[in-house]
Amino acid sequence: MKRLIIVLLFTALIFTGCQSGANTTNDASTDQIDSQSETTGEENPAEGIDLSDLIIETYDGNKVDKDTFNNNKLTVLNLWATWCGPCVEEMPDLQKVSESYKGKDVQVLGLAVDSSEDEVIALKEQLNITYPLLKENEEVKEVLISKFDYVPVTLFVNSDGKILKTFVAGSISEEDLTKLIEGIINE
């Protein structure tokens, strides 16, 4: 019985996301999704934040700044952590989305939260992740990460560097993420 309870708790954690606080929501629906707030009732606490003034270093030694956003119609920004099972599980789907939109004005970025550099690099290599993974810094923590007490979170950033209303609280599949991206870029 004790083993069954442990298995059920572990399963629940995998399907809901990882949290450092109290709030979390389930995955996005596979139906047409206009915004996460319409599917879960939760508003995007980062909506409208301007990321264009931030300079964020990647684990490959490059920088993400306003030009990164200006050069793309849409940037998909996934907040994740190495210690979060659902975060790690969705990374191959994010990689597929990144590859399918390469050269199409859509970029995928991953922002590692509360994770050591060695763990991020090892995971990047293990999963063959080629989309840029960003290092958190104090400014990013204050401006963005502090808005969420759970991961994964997927945000959408326009070409001006502003975070859109649409977001995903929890993990998302390649198919559902593609539907969201198409909905946003075809508005």
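Everything in this summary refers to the structure shown in the same document. Owing to the predicted nature of the structure, the values given are computational and were not obtained by experimental measurement.

1. Considering the packing of aromatic side chains
Right, on to step 1. What the rule picks out here adds up to two aromatic pairs.
Right, on to step 2. Relative to Y150, the ring of F148 has its centre 6.0 Å away and its plane inclined at 80°; by these criteria the two rings are edge-to-face. Taken as a pair, F148 and Y150 share a single burial class, namely buried.
Right, on to step 3. Arranged with centres 6.3 Å apart and planes meeting at 45°, the rings of F148 and F167 form a pair that is tilted. Of this pair, F148 sits in the loop between α6 (138-143) and β7 (150-151) while F167 sits in strand β9 (residues 163-169), placing them 19 residues apart in sequence.
Right, on to step 4. Classification of F148 as buried rests on a relative accessible area of 8%.
Right, on to step 5. With relative accessibility at 1%, the residue F167 sits in the buried group.

2. A word on the side chain of K135
Right, on to step 1. Within the secondary structure layout, K135 lies in strand β6 (residues 133-135).
Right, on to step 2. Its relative accessible area of 18% is what places K135 among the buried residues.
Right, on to step 3. In contact with K135, other than residues within four places in its own chain, are I56, E57, T58, Y59, L111 and E117.

3. Section: the pairing of β9
Right, on to step 1. Most of β9 is tucked away: five of the seven residues are buried.
Right, on to step 2. Sheet topology places strand β8 (residues 153-158) next to β9; four bridges connect them, and they run antiparallel. Looking at the pairing, T154 lines up with V168 of β9.
Right, on to step 3. Hairpin remark: β8 followed by β9, antiparallel, with four residues in the connecting loop; positive phi at G161, about 90°.

Conventions used here
Residues numbered from 1 in each chain as written. Predicted model: local features only at pLDDT ≥ 70, side-chain atom pairs only at ≥ 80, totals over all residues. Heavy atoms only, no water. Phe/Tyr/Trp six-rings, centres within 6.5 Å; stacked < 30°, edge-to-face > 60°. Buried < 20%, exposed > 50% of the residue type's maximum accessible area, 1.4 Å probe, protein only. Helix = DSSP H or I, 4+ residues; strand = E, 2+ residues; numbered from the N terminus. Contact = heavy atoms within 4.5 Å. Pairing = 2+ DSSP bridges.

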